[in-house]
Amino acid sequence: MIVVKPGFITLLVTYIIALTLMIMPMPAAFDTFRPDWPTLVMLYWIIALPHRVNMGTALVLGVLSDILLGSIVGVHALGMVVVTYFAARHFQRIRNFALIQQALVIAVLIFIKRFVVFEANVFLHDAEFTLSYFWPVLTSAIFWLWVFPLLRKVRRRFGVV
């Protein structure tokens, strides 16, 4: 019989929803501003439950993001692992910040992820820089103000510890 830790299904469902939001069709005018949903969800769980969610989880979520987006496998995984390291290293500080301050920290972390992914793409196939590549940093920081309380409520409702 397979034993599943309490809350594992809840974590899995939030990751699946984040991956679905990442590939959900949007109008072209708004697609540039799409928040980085998998990174937002991963950062929440790293800050809330660093003993349950770690860099291995970030690697798997990053590889799934690469597969779903059709990019070179490992590019988003690398960015996700780098950001996860910083979040896991400083989770106690981030957890004690006010929500607005957390949004600023999240913006910096997502900027780092986007930069790492961009540099990996430049190294692998000479990607060209456009300013619109970094719009998700701003929208992710704005959506953090909604994602954090929502996932906190989910965590408390389903008893994820």
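Sequence positions are assigned chain by chain, starting from 1 and proceeding in written order. The predicted nature of this model means local features are confined to residues of pLDDT at least 70 and side-chain atom pairs, given and counted, to a pLDDT of 80 or more, with totals for whole chains, interfaces and linings taken over all residues. The side-chain quantities take in all heavy atoms of the structure and omit both hydrogens and water.

**Student:** What exactly am I supposed to notice about the UniProt feature "transmembrane region" (unreviewed entry) in the protein chain here?
**Tutor:** In this numbering, the UniProt entry assigns the feature "transmembrane region" (unreviewed entry) to residues 6-30, 67-87, 94-112 and 132-151. Numbering of helices and strands runs from the N terminus; a helix is a DSSP stretch of H or I covering at least four residues, while a strand is a stretch of E covering at least two. Here residues 67-87 is 76% helix and 0% strand, with 24 Å between the C-alpha atoms at its ends. UniProt positions are given in the numbering used here, feature names are shortened, and annotations may be inferred rather than shown by experiment.

**Student:** Could you clarify how one ought to interpret the nonpolar core in this entry?
**Tutor:** Looking at soluble globular proteins, one finds that nonpolar side chains tend to be buried together. By nonpolar core is meant a set of buried Ala, Val, Leu, Ile, Met, Phe, Trp, Tyr and Cys residues that side-chain atoms within 4.5 Å join together. Throughout, exposure labels follow a simple rule: accessible area from a 1.4 Å probe, protein chains only, divided by the maximum for the residue type, with under 20% read as buried, over 50% as exposed, and the rest as partly exposed. Counting 36 residues, the largest nonpolar core has Y15, M42, W45, I106 and W144 as its most contacted members. For this core, the secondary structure elements donating two or more residues are α1 (8-23), α3 (37-48), α4 (55-69), α5 (75-89), α7 (99-125) and α8 (135-157). The greatest single-element share of this core, amounting to 10 residues, is contributed by α3. If we skip the residues at most four places from it in the chain, I106 touches L40, L43, I47 and W144. In this description, contact between two residues means that some pair of their heavy atoms is separated by no more than 4.5 Å.

**Student:** Got a minute to help me understand the environment of L131 in this structure?
**Tutor:** Note that L131 resides in the loop between α7 and α8. C-alpha separation for the pair L131 and D66, spaced 65 residues apart in sequence, amounts to 22 Å.

**Student:** Mind showing me how you'd approach unusual backbone geometry here?
**Tutor:** For residues besides glycine, phi is generally negative; the peptide bonds are generally trans as well. For D126, which is not glycine, the phi torsion reads 45° and is therefore positive. On the secondary structure map, D126 appears in the loop between α7 and α8.

**Student:** When you look at the layout of surface pockets in this model, what are you seeing that I'm missing?
**Tutor:** Both site types are read off a 1 Å grid over the protein atoms alone. A 1.4 Å probe that fits but cannot get out defines a cavity, while an open set with protein on both sides within 12 Å along at least five of seven lines defines a pocket; lining residues have an atom within 4 Å of a point. Grid points are joined across faces, edges and corners, and a volume is the space filled by probe spheres set on the points. A volume near 470 Å³ is recorded for the largest pocket. What lines the largest pocket is a set of 19 residues, and nearest its centre among them are L69, H76, R114, Y133 and P136. Mapped onto the lining of the largest pocket, the elements with two or more residues apiece are α3, α4 and α7. Looking at the lining of the largest pocket element by element, the count peaks at 4 residues for α7. For the lining of the largest pocket, a count of residues per class yields 8 nonpolar, 6 polar and 5 charged. Residues are grouped as follows: Ala, Val, Leu, Ile, Met, Phe, Trp, Tyr, Cys and Pro are nonpolar; Asp, Glu, Lys and Arg are charged; every other residue, Gly included, is polar.

**Student:** Please explain the side chain of Q102 as it appears in this structure.
**Tutor:** Mapping Q102 onto the fold places it in helix α7. Here a polar contact means two N or O atoms within 3.5 Å. Within protein one must be a hydrogen donor candidate and the other an acceptor candidate, and residues neighboring in sequence count only if both atoms are side-chain atoms. At 3.4 Å, the side chain of Q102 forms a polar contact with the backbone oxygen of F97. Other than its neighbours up to four places away in sequence, Q102 contacts I94, R95, F97, W144 and F148.

**Student:** Please explain the side chain of T84 as it appears in this structure.
**Tutor:** If you trace the backbone, T84 turns up in helix α5. There is a polar contact of 2.6 Å between the side chain of T84 and the backbone oxygen of M80.

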